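# Topology and contacts: notes
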Amino acid sequence: MLFSAIVVDDEPYAREELIYILSHFPTCQIIGEAGSAKDCIFLYSKVKSDVVFLDIEIPDMSGLEIANMLSTFNEPPLIVFATAYDDYAIEAFELGAIDYILKPFEEKRIAKTIMR
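Remember, predicted model here, so these are calculated numbers, not experimental data.

Attention now goes to the pattern of salt bridges. For side chains bearing opposite charge, pairing can occur when the charged atoms are close. This model, assessed by the stated rule, comprises five salt bridges. As a salt-bridge pair, K103 and D9 come within 2.7 Å of each other at their nearest N and O atoms. In this pair, K103 is assigned in the loop between β5 (99–102) and α5 (107–115) and D9 in the loop between β1 (3–8) and α1 (12–22), connecting sequence segments 94 residues apart. Given the relative accessible area of 3%, D9 is considered buried. The partner of R15 in a salt bridge is E33, and the shortest N-O contact between them spans 2.8 Å. Here the residue R15 occupies a position in helix α1, and E33 occupies one in strand β2 (residues 28–34), the gap between them amounting to 18 residues. A relative accessible area of 43% means that E33 is categorised as partly exposed. Taken together, the salt bridges that share partners define one network made up of D9, D55 and K103.

Okay, here's the thing in structure tokens:
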């Protein structure tokens, strides 16, 4: 099943790495990327992806706060946290995240996420 995704990370290299790995999966269509909370919310309001891959530590707002904001949309996206911090996993799952992947990203681990 084909799904659309937005990748949100304030670090361009991490964003590019995740997009590169996701591009290996024909079921995943990257329709946008953002480096800030403001850009993420604006982008999602325009393109309404199925999934948002979301970093936790973003300068203008935490990924947890962004996930809360996205949950207020009529058709909220599925959230996958993609971060270097394992400290927030419980909070992420309490917010309804479908997965929590850690940097550095591994294709085998991301394949498990895609299967979900």
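In the structure shown here, the tally under the stated rule is three aromatic pairs. Ring geometry for F81 and Y100: centres 6.2 Å apart, planes at 45°, overall tilted. In this pair, F81 sits in strand β4 (residues 78–83) while Y100 sits in strand β5, placing the two residues 19 residues apart along the sequence. An identical accessibility class is assigned to F81 and Y100; each is buried. Centroid distance F93 to Y100: 6.4 Å. Interplanar angle 45°. Geometry classified as tilted. Under the relative-accessibility criterion, F93 is labelled partly exposed at 41%. Taking relative accessible area as the criterion, Y100 reaches 8% and is therefore assigned buried. Ring-pair connections join several aromatic residues into one group, and the members of that group are F81, F93 and Y100.

Rules behind the numbers
Residues numbered from 1 in each chain as written. Predicted model: local features only at pLDDT ≥ 70, side-chain atom pairs only at ≥ 80, totals over all residues. Heavy atoms only, no water. Salt bridge = Lys/Arg side-chain N within 4 Å of Asp/Glu carboxyl O. Helix = DSSP H or I, 4+ residues; strand = E, 2+ residues; numbered from the N terminus. Buried < 20%, exposed > 50% of the residue type's maximum accessible area, 1.4 Å probe, protein only. Phe/Tyr/Trp six-rings, centres within 6.5 Å; stacked < 30°, edge-to-face > 60°.

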